[in-house]
Structure formats: C-alpha cells, structure tokens
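One-letter residues, chain by chain:
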Number of protein chains: 4
Amino acid sequence: MPQPATEPSADRREFYDRLGRHHLSPLWLSLATLVPRQPASGCRPAIWRYPELRSLLLEAGGLVSVEEAERRVLVLENPAFGGQSRITTSLYAGLQLVLPGERARGHRHTQSALRFVLEGTGAYTAVDGERATMHPGDFIITPSWQWHDHGNDTDDPVVWLDGLDIPLVQALDAGFAEPMHAVEQAVTRPAGDSLARFGANLLPVDHRPRGLASPVFSYPYDRTREALETLGRNGEPDPCHGHKMRFVNPVTGGFAMPTIGTFMQLLPRGFETKPYRSTDATVFTPVEGEGRTHVGAAVLEWRARDVFVVPSWATVRHQAASDAVLFSFSDRPVQQATGLFREERLP
Amino acid sequence: MPQPATEPSADRREFYDRLGRHHLSPLWLSLATLVPRQPASGCRPAIWRYPELRSLLLEAGGLVSVEEAERRVLVLENPAFGGQSRITTSLYAGLQLVLPGERARGHRHTQSALRFVLEGTGAYTAVDGERATMHPGDFIITPSWQWHDHGNDTDDPVVWLDGLDIPLVQALDAGFAEPMHAVEQAVTRPAGDSLARFGANLLPVDHRPRGLASPVFSYPYDRTREALETLGRNGEPDPCHGHKMRFVNPVTGGFAMPTIGTFMQLLPRGFETKPYRSTDATVFTPVEGEGRTHVGAAVLEWRARDVFVVPSWATVRHQAASDAVLFSFSDRPVQQATGLFREERLP
Amino acid sequence: MPQPATEPSADRREFYDRLGRHHLSPLWLSLATLVPRQPASGCRPAIWRYPELRSLLLEAGGLVSVEEAERRVLVLENPAFGGQSRITTSLYAGLQLVLPGERARGHRHTQSALRFVLEGTGAYTAVDGERATMHPGDFIITPSWQWHDHGNDTDDPVVWLDGLDIPLVQALDAGFAEPMHAVEQAVTRPAGDSLARFGANLLPVDHRPRGLASPVFSYPYDRTREALETLGRNGEPDPCHGHKMRFVNPVTGGFAMPTIGTFMQLLPRGFETKPYRSTDATVFTPVEGEGRTHVGAAVLEWRARDVFVVPSWATVRHQAASDAVLFSFSDRPVQQATGLFREERLP
Amino acid sequence: MPQPATEPSADRREFYDRLGRHHLSPLWLSLATLVPRQPASGCRPAIWRYPELRSLLLEAGGLVSVEEAERRVLVLENPAFGGQSRITTSLYAGLQLVLPGERARGHRHTQSALRFVLEGTGAYTAVDGERATMHPGDFIITPSWQWHDHGNDTDDPVVWLDGLDIPLVQALDAGFAEPMHAVEQAVTRPAGDSLARFGANLLPVDHRPRGLASPVFSYPYDRTREALETLGRNGEPDPCHGHKMRFVNPVTGGFAMPTIGTFMQLLPRGFETKPYRSTDATVFTPVEGEGRTHVGAAVLEWRARDVFVVPSWATVRHQAASDAVLFSFSDRPVQQATGLFREERLP
C-alpha cells in the first residue's frame, strides 16, 4: 500500500480542495498511514533519570505556590509527542512532589490514576473514606470517578509517579471532572480496611462490585516484595519476563483498573531476558537494583526510581546488574478487552 | 481548575524551557485541558448529504483508476478534526464506491470495519470464505484480522458507508495490516452459511469462538426491518430512542464487534424523542424516511442515506417526518468495557 | 477401593450400631460406593415407543377428569429408578396430553421446563404474557419461576414431551411453586413478539436480562430445520454427532436454560456416528426419520416421536436409516458450570 | 395441589399397574411431591458435639487398621437421611482422624473436597506438588480431579472436618476416581508457594486457570482471623450475618470451589442475628466461642468444634455467648449458577 510519490495533477488538486470544503478527504492518499503494516505512532524509547527529575521537581517546589501544589507535577512527554502530555499514545505519566505540610485538594475524574511511590514515607492518599499511608514501592490506585485527595504530614518531601489514562479518555472523549468542596474527604475507615476487607482471599458475603476497579486501592510493597521473593526462591524465572506478576482486582481476577494494567517483576542478579515484544507500550520504573534494557537499537541504563518507556511492538531485553525489581504499567486491559493485544517471544 | 491567565514570569519561562529540553512539561499549565469538566474534544455536529456525496464519489470514480479502486473512498472528516481522517475522536467513516466489474483486493488489518450498504444490490463482501451479497440496509462486518475482499459483478455502481475504529487503534498503537497475495479469497462456504450456522438461535454444539467479533458477519436488512416492525406493532416506543435495538454477537450477546457498537432504530412518523445524551459520539445514517435531529443548538435535516454525527455528551432530539429507520454506530463497547460510558435522559 | 467382603466382627457391629444412634456411619464401608471409579448410578438405556405411549395417554384422557387435566402426564421412569419419577439421575421426562378445549391452569415453579411438541398443531403455551402456538418439532421453554399456562383450542389432541430438572432441584432442595389465581394469564404481547425482539441477532438497546433463561421462549421447528438443512448442504457432518447444534439464549450465547441443555441434530440417511460418550445422560426424541442407536450393548430401534434415554458415560452410536432429526436434552449446563462435564470420542 | 385422598378405583389401579410395566407413572398422583410449594426434602437441623465425635473417632482409630486409615472417617448423616451418607440433600460431611505417623494414600476424584482443621497442628495435605501444613481453623481445598494425599508426622492425633459434594455428583452421575500408584505425590513446591503465587493480590503475568477451583488451596486461619478482626473493629456487623465473608478464588473472585461455597463469620460477644433464611442448606462448625442457634423451632447450643446443619429455607438466628467465629459451607455456588438461590431477611 505505498502512497503515490508524485505530485497530484492540477485537476486532482482542484478536486481535493473541493472535497476539503465538504469536509471530505481522499482515502487513497492516506490509507497506508491510517492502516499501517505495524504499529507506527512514532513513539520513542526514552529514559528520565531520577536525580535530574528530583532536582527539577524541587525547583518547581520553589516556583509553584502552595495553592498550586495540587498541580506540582512534571509531565513526562514522549520525545515524539512534545506538547501532548503523553508518554505513550494512550498513557500519561508525571512526577508529583508533595512538600511537608502540603495537601492536594480533593477531586474526582473519570480518568483512572495510579500512584507509585518513589521517595518518602508517611504521606497519604485518601480514597473512599480511607487513607493509605504511602511507602516507597507502594502501588495505589484512584479509580475512575472516586474522590481522592492526598497530603504530606511528615517532615520530608514525598515524590511519586502518576500514571493516568488521560490520552485514552481523550480518544474516547469521555472525560469528566469535579472538584471537592472541602479540601479533604472525611476519614470514615481506618487505614488498611480495604486490604483486610477485600484483599485477604475473602470477600464480604454480600459484596456487590462498584465499578470495574479494585476495591483494594493500596498494594503495599512489603506484601508484593514477599510474593516475588517466594516465586524467586521456588521456581525458574520466565525467559522473557523473569518473575513477573500483574496486580489484580480480587473481585474479578482482572486488572486492578479497567484501563491500566500494572505489573511487578523480579530480575535476579545477572539475569538477561530473551527478546520479547508486545503491542502495549509500557512505562517502567525500577524499585530496586540497576541494569540496562535494550529497546530495539536503544540501550537504556537504569537505576532505582528512573522512569523509562518502551514503545508498542519494540523488542525488549532486560539485563539485571543486581537483583532488580521493576514496576511497570500499560494499556493492556483495553487491548485485551478489544482483542487488539499481541505479544511475541522472539528467538 | 482555571488556567493562569497571565503570562509566565521570565524565570518561570526559563524553567519551562529547561523542562522542555528534558521532555518534561509543567502540569499546572495544562491540567484543566487534560482533565476537563466534561467532554471537550471540540468534536462538532455535522451532516453530509447523500446527493452531494454521491456526485463527488462518481467524480472520484472518473479520476481514480481501477488499480486504485480499493481506495476509492471519501473520508468524512469532522469539521473540528480537518486532516485527521476521523469523524469522531475514536472513529473513522468513509463512503466507498465500487463500480461495475471492479474488485477491491483482499487484505486484513487489526482495525475492525463495518460496511453499511447505501445503494446498489448484488455486490459482495467476502469474509472467512463466504461471500455476502449486499443489499441496501444490510449491515456487514469485517472483524479484526480477518481476510476480506469485495467486488461488484452487477451493472450498477454500489455505494456503502465504511465505519472503522482507526483512530482508536492509533490511540492504542496496535495497528497491523497485510495484503492478500491473491486478489480474492477462495469461496469455501455458500452465501448465508454463517447466518444459518450462528444466527438462528442455535450454535454448533462444539463451537469455540475465534476472536471477539460475531461469526455472523452479515445482518440482512430484511430480517432487521421485520424485527423492528414487530416491535413497532407490539409496544410503545422508548421516549428517547423510539424502537431501538443493537446488533449482537450471538455467541456472547455482546456487541457484534468489540470496538464498534451498531444500532438500528425505528421512529414512527411524527414521533419526537425526548432529549438524551451519552458519551459515545455517534454516526447516524437514515435508511428510510426523513426528519430532523437537534444536536445541542444545531438542527440537522436528514433524508435517507445522508450521514450525520452527534458528538459526545451533546443533547440529541430526533423528529421523524415520516416513518424513519436510522442506522448508527459508536465506540460504546469500548466505553462500557472501560467503565467510561455515561448516558442521561434529560427532562 | 474394594469393600471388605467379610462380615464385620461383633465388636465392630456393636460400634456401628452405636455410631448409627449418633447419626454417624463408617466411611470405610461405603467409600467405594460414594466415590466410584466411574459413573455408577445404575441408570439404564431405555426406549418408549410413541404408539404405545399415545394409546396409554388417550386411555388416561378417559380416566382423568377435566379438572385433573393439568396433571394428565405419564412420567417416563428409568427402569433403574422405579417410583422415583426420574428418567436420568437429574432429569424428569413426561408425556402430556391436552385434549380439544382443555386448559392447564397456570402456575409457576422454580423447576425449569421444556415442552417438545410431538403431535398436534395449534395448541399454545403462554409465558410472560405471550402465547406461543405449538407445532410438531417446536421447542418451548418455561423458565424458572415464570408463570405459564397452556390450552388447546383446536379439534385435535395435542401431545408433547415435558422435560424438567425436578430431581436436580430436589437434590438442591430449592423447589418452590405457586398456582395462578386465574386459569390463564392475560395476553399482553402478540405471538412471535419475543422471537422478533430477542431472536433476530438484535437486542433491545437497554435490555437487562431477567434471570438466566432465554427470553426467546419458543424456537419454532421451521427455523431450526432450515438451519440444520443449510449446515447439511454446506459441510461435512461431525463423525460423532452429524450436524448437531445447541439451542442458545441469545442474550448470553449460553444454553437456553441454566439447568437443561437442548440440542437438535441432523443425521443424513445412512450415516453412522463414531462411538462417543459423555457424562450428561441424555434424553432423545426423533423428530423425523428412523434408525437405531447403540447404547453400550443395547440396541434401540427408533422412529419419530419415540423417546429414549442414554445413561451417563454410556457409549453411543447412531445409525440413520433415513434422513433423521433428533431432539435431545441433558443436564450439561450444570455439569459445565461445575466443571464436571467430560466427553470422549472413542476410536 | 393437594393429592387425592381416596383410594384409586379398581380400573385406575389396573391402569397404574399397566403403566408401571411400561416404566410409566401417573403424574397426577405425585405432582405435589415433585413440585412442592417450598423446599420439602425433610432435611432436619441437627448438631454433633465434638467431645462425643472425638471419642468415637479415637475408638474407630483402635478398630480400623493402618491400612484402612485413609477411610477412618465418621460420616455425619442427617437424621432424615439415614444410610444415605449425606448431611444435606447435596452435601456430605465427615470427621476424619489421622493418627501420628499415618498417611492417607493419594488419590483423585471428581468430587470437590474441603478440609477444615479442628484439632492438631502439623499434619499436611498435599495438592499439586505442595504440602500445606494444617493448623486449627485452616481451610484447605482439594479441587476436583487433583491428586491429593495427607499425613501426620507429628506426635498428636489430627482431626478435621471433610466436606464434599458427593450427593450432588451422584445426582449428576458424574463421579470418577483414581488411586495414586505411589502413596504420596512428589513434593515439587515449598509450602506456602500457592498462597504467595496466587493469593497476594497478584497473579503470574501469564497465568491460565486450570479448572474452576482456586489455585490457592490453603487459606490459613491466622490471615482469615486477622481480616475478620479488622472488619469487626472498623464497622457495624450485618444484622443477619455479623461480620461474614466468603472465601474466594483469586483468579475469578468467585467461590473457592465451583460446587461448595465456604464462609467465615465473626459474631461479637452478645450479638444476636436477625432471622434469615436461604435455600442453601448449610453446615456450620464454630472455630472459637460458644453460643446457640435457633433453626426454626429447634435450638442448637454449640461450642467450638461442634458441627451443626441448617436445612434449606429454615429460619436461622444466631446468639453468641462469647466472641465467636463460625466456619460454614453450602452448595450456594451451584444454586447461583442455576438461578435457584433465594435468600430472605425476615422481619
């Protein structure tokens, strides 16, 4: 399906202009672009180093007033998508700083969000009347249309990675948002309640799901780490993934959120994964350890708290210089629900 | 969440420039745009009249050679999205002409497609070894990654409306395509086989679904029309929808395709629907009758075979000047699978 | 796990007696019976000839008064389960006669029921405000807890086969029943409404399922026959099943009822199926044609309207002397929902 | 639907005899029994006291040799179903003793089984290559058709409650069993592996379910107790249930087994539940505490490790004399899958 290389003739040009006035365009000029042979968004591999990010964030902390604190986020933009606030075609990522004593005013929106804690212990995110205390490595969700607010009552700055489905919701044109009247929601349940209530392989006998997201909204790193360690002790790593797990909604066994899949994987020291590719462009952040990841021809050297992105259908190989744990997220749930997900283990 | 109205100070500007060099952007400048209060794509209501479309299509028939025939499609572009080949944020629509004796070379792609026949009887679309003969009002699907080709062996031109999920697949960066080596696939099953096999409220005893789309790939208008007429005789129309049905995949009861929902509704002569809005921007084409549709402040006067589009969350009211039948399609299956779908009946 | 062959000692006997007084029993005496190597109910193959059944039914028509007419049913009892009103371990079957002018008073019960019409055209079953006119070969369901009544306004007797899940509901101890105050329910929808509304590969746009059974409650034989014929023309018969289809609930693609699976199969003249066995004991009634079925060592010669039963895990081979169509039903939906279903194609 | 009270006439009797010879029976004599107004199995409330059970079990330990040890189980028979090895219409319950040094030879069967540990710490059940160490209050499953064996390497006797779906599998006539060649299966995974792998709100990224049962086969009491305590601290008890949870299969959010639902509930000291009834006859065993349960007119006084049964549709009220924890199981998954489940909160 190659495109015509030559300039259109004058009568064709006149015809195309006339089409344009009717809000029509000739498919024969754009078909190959619209229906490419394989993923062709131009999304590029990229890495952001935590030390630089942290330094810029703290600088932003000085520039952006307390009133703007809820927006004190640096958006990670894919180099191919400058000015579009997207790290992949469907996902947004940002680094958020909450300084000691700050609060981010509560709101809700139809975009699903995850917080992955990079630095600082003791801040909280409140969802559905419960405050989750945040520790590095914790994975926290704020599901679609649920009120959430957060604050930092400790003496140290707190930094987390935000992941949202903003570009997807734009593509579906289904975004709604609403601010909370109060700064904070009332705390109606003690910390840890949702994990005990929904996350202990039991469910309340008459539980009726509310929405598609997990009612467990905080997945503490200590439990996740313990599960990975057990897998690491008890069996061989997968050639392409090491010991890789996905976070689940215990009410369904599906992903924790309907639009964003989240994963945690353990790569033993010295382990090199076999080449693999999939259609869900993925954002990674190492929680522990260091190593390098080959993404096509690019090589990304990473340490804990860096953030890097692997485009759709790019071939990936990880090499762990030390025992390493990687958190990652992608739009896999949407791709699976629509039958578009593909993955391939390469020789 | 209003955006700052004033120009940034010099030090802020310098900071923003520095951020840009690190592929970062300040969220506090873009939050309101990224997370709008309600759907804010700018998608506009619009209508394309069939007589004009037909005339331009035939003109294209003269300009575009037989070799290019497979691409002889005029893409309907939302006036808000010029040059983007999308009629809504997530959907593509085009009008395709196949002249007597022509064939569109077979191919397959991960984009799901529908054909809705506007004019001409006797052309065919082949899917999975079976050729569906096309009549006006027939709804035909070519599911993701299934080979399809079409041709017109009659003496008259054939025109249909194409609906595809191209923008959605772009947003997910999951597009693959492959041309067929032969022009046409071999015919291995007689016409009507899939409808008898899967569409008679029976399924083969050991049927295992292949993919998420309906194995019934042709929904003939005569059956659809008969069902609507029965509903029209037997009960009151819904205040907002008239007698409205959705096409289903008989293997699951879900939508015929996982990314595009399709609907047919009967509006009795003189019926006026109550205002309604939903988050799935929708493309309509009347099959029979005439009337007008209020979309927010706009009024669209339509006749059979026109095509019009209703943006997300726009308030819709239909008025049928005669008995009218409307076909429509939207991305509702994706919105429902992701929990984003909203609809509202207004007072 | 053989059972002890010898008589228990006196002290054991005394112990067993003592256990019995505490409502206890020693598992070591019954384990092999309770947990058999393979299905061991004793259920036997059997056939009932229609001419005899019909004659006895008509005789019952003379004995049983009009007031008792709603119960004028001969229950087909598996020879192994005399007095238990079951044709298999989980299913009930009966032959019902409705004489000209009679009505069976309406009621509802949690047992699911099917009617399969053997003789007579023009009687009706009413479900959910709609009357289905009955023709030979029609398959009609009266779902759990839905009001139903039937009558015969023609001049000829009508005979159908009833299939119910009575023994299963007994095993679950979940049976409820309620008589209707009026003899008949009000007719609120014309005949054919549910088939048009739910059975034309379309569903009402806002349809919410009520219960697990199909909202299409009548599957007319002419449509079923046409689908089978198309399959017969278009492809090879399955070696074990011929052209076999299952009736589906178009809202889910599952079985028409949650407890009883129903099937129709076409065996071309002269076709002999390969041996097959499955765990769902099955009741068959030929609609057309004649032939014989080997069930283990037994040979059942059948003609249209006979009824025969194949026990769980018995090896089945059909031989069609003429083009034959067989209706059948079993508890397969329950076996599949519980993971107990097994089937095997034998060499 | 009352049955005729009078004796049948001579000609009717002759007719009934003749029907019997054709394996037919007259429905008009049995309809009210087959289709009762409400659950009518005759199942009775009953309680077995642990001290008596334990004493009889130990006595059996002396009578039944080591070779028979795998069958050293006392079956709890509902007083209404003497000789039928069922505690409800669909469920089997038994008390099993494993003496120090004993092993129960491995086998597998299509019946699903649960073990609920009443006494003794340190015995094991092996499933799928992993041995679960058993502590009082632990809930362990041996899913359909999975090899399992158990042993007691401690110095103390171990007693657990077995719950199986034997009568249900009989009703479906779908029972298969197979002995293991070796006494024990090889241990291929360390204890705790399945809980870490599947039970920590994560699943292996490419996990494909095998069967319908939970891959977590051991639910340790300490985790269950902790979850209940958290619920008890954080919210009000349900009026009818106290703090009641169901064990789930983390792959689906459904019940841990497809045929047997299992529950654990905390009743605070002094709490009295409101009357409630449901169609799933339920077997209870208190893990901690004491109290009484009203079952219709019967009053059952219980202490930890007793076993009692509540028939279908019987009205239940619990009174906790101390903080009490009750384990229970029923056939609710089957009733829900078939649409037969009913429950009611009474005034």
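Our structure's up above, just so we're on the same page.
Read on for an overview of the structure.

What counts as what
Residues numbered from 1 in each chain as written. Chains lettered and ligands numbered in written order. Predicted model: local features only at pLDDT ≥ 70, side-chain atom pairs only at ≥ 80, totals over all residues. Heavy atoms only, no water. Pairing = 2+ DSSP bridges. Helix = DSSP H or I, 4+ residues; strand = E, 2+ residues; numbered from the N terminus. Axes fitted to C-alpha atoms, helices over the stretch in contact; angles between N-to-C directions. Least-squares fit on C-alpha atoms with pLDDT ≥ 70 in both. Contact = heavy atoms within 4.5 Å. Buried < 20%, exposed > 50% of the residue type's maximum accessible area, 1.4 Å probe, protein only. Lys, Arg positive; Asp, Glu negative; His and termini not counted. Salt bridge = Lys/Arg side-chain N within 4 Å of Asp/Glu carboxyl O. Polar contact = N/O pair within 3.5 Å; in protein donor to acceptor, adjacent residues only side chain to side chain. Buried area = accessible area lost by both parts, 1.4 Å probe. Arc of directions from axis to C-beta. Phe/Tyr/Trp six-rings, centres within 6.5 Å; stacked < 30°, edge-to-face > 60°. Lys NZ or Arg CZ within 6 Å of the ring centre and 35° of its normal.

### Digging into the sheet that holds strand S7 (residues 124-127) of chain C
Residue and element names in this part refer to chain C.
Next up, step 1: Ordered in space as S8-S7-S10-S5-S12, the five strands form an open sheet in which the pairing is antiparallel. Only two strands of the sheet have a single neighbouring strand rather than two, namely strand S8 (130-133) and strand S12 (177-179). When the angles between neighbouring strand axes are averaged without regard to direction, this sheet yields 25 degrees.
Next up, step 2: Where strand S5 (residues 103-109) lies against strand S10 (residues 148-151), three bridges are found, and the strand directions are antiparallel. In the sheet register, Ala 104 faces S10, and the bridge partner there is His 150.

### What to know about the relation of the copies chain B and chain A
Next up, step 1: Of the transformation placing chain B onto chain A, the axial shift is 0.0 Å and the rotation is 180 degrees, giving an RMSD of 0.0 Å. In the structure described here, the two chain copies are related by an operation that fits a two-fold rotation axis.
Next up, step 2: In this assembly, 100% of the residues forming the interface of chain B have copies in chain A that are likewise at the interface, indicating an isologous arrangement.

### Notes on the relation of the copies chain C and chain D
Next up, step 1: In the superposition of chain C on chain D (RMSD 0.0 Å, axial shift 0.0 Å), the rotation amounts to 180 degrees.
Next up, step 2: Comparing interface residues between copies, 100% of those in chain C also lie at the interface in chain D; the contact surface is shared.

### Brief notes about the side chain of Glu77(A)
Next up, step 1: Mapping Glu77(A) onto the fold places it in the loop between strand S3 (73-76) and strand S4 (92-98).
Next up, step 2: Although Glu77(A) is buried, it makes no salt bridge; Arg86(A) carries the closest opposite charge, 8.2 Å away.
Next up, step 3: A distance of 3.3 Å separates a polar atom in the side chain of Glu77(A) from the backbone nitrogen of Gln84(A).
Next up, step 4: The residues touching Glu77(A), leaving out its near neighbours within four places in the chain, are Trp48(A), Gly82(A), Gly83(A), Gln84(A), Ser85(A), Arg86(A), His23(B) and Ser25(B).

### Quick notes on the interface of chain C and chain D
Next up, step 1: Tallying the contact residues gives 81 residues for chain C and 81 residues for chain D.
Next up, step 2: Between chain C and chain D lies a buried interface of about 7,400 Å² when both sides are counted; carbon and sulfur atoms form 64% of it.
Next up, step 3: Joining chain C to chain D, the criterion identifies two salt bridges.
Next up, step 4: For Glu59(D), the salt bridge identified is with Arg18(C), shortest N-O distance 2.4 Å.
Next up, step 5: Run the count over chain C and chain D and you get 29 residue pairs in polar contact (both at pLDDT 80 or more).
Next up, step 6: By the bridge criterion, three bridges tie strand S1 (residues 24-26) of chain C to strand S3 (residues 73-76) of chain D in an arrangement that is antiparallel. What sits directly across from Leu24(C), in S3(D), is Leu76(D).

### Brief notes about the pairing of strand S5 (residues 103-109) of chain B
Sheet faces and side chains relate simply in a regular strand, where the side chains alternate between the two faces.
Residues and elements named next belong to chain B.
Next up, step 1: Here S5 lies mainly inside the structure; five of its seven residues are buried.
Next up, step 2: The sheet contact formed by S5 and strand S12 (residues 177-179) spans three bridges and is antiparallel. Across the sheet, the residue bridging to Arg 108 is Glu 178, located in S12.

### Points about helix H2 (residues 27-34) of chain B
Next up, step 1: Residues Leu27(B), Trp28(B), Ser30(B), Leu31(B) and Leu34(B) constitute the buried set of H2(B). Taken around the axis of H2(B), the buried residues stretch over an arc of 160 degrees, which confines them to a single face.

### What about the packing of aromatic side chains?
Next up, step 1: One pass over the full model with this rule turns up 52 aromatic pairs over all chains.
Next up, step 2: Seen in terms of ring centroids, Tyr16(A) and Trp28(A) are 6.2 Å apart; in terms of plane orientation they differ by 55 degrees. Their pairing is tilted. A residue pair is termed long-range when its members are at least 10 positions apart, and Tyr16(A) in helix H1 (residues 10-21) and Trp28(A) in helix H2 (residues 27-34) qualify at 12 residues.
Next up, step 3: Among the residues examined, Trp28(A) registers a relative accessible area of 2% and is labelled buried.
Next up, step 4: Members of the aromatic cluster, joined through ring pairs, are Phe116(A), Phe139(A), Tyr219(A), Phe247(A), Phe327(A) and Phe329(A).
Next up, step 5: One Lys or Arg, Arg131(A), reaches over the ring of Tyr124(A) and ends 3.9 Å from the middle of that ring.
Next up, step 6: Lying across the ring of Trp145(B), Arg342(A) places its NZ or CZ 4.1 Å from the centre.

Honestly, that's just the spatial picture; any functional story needs more than this.
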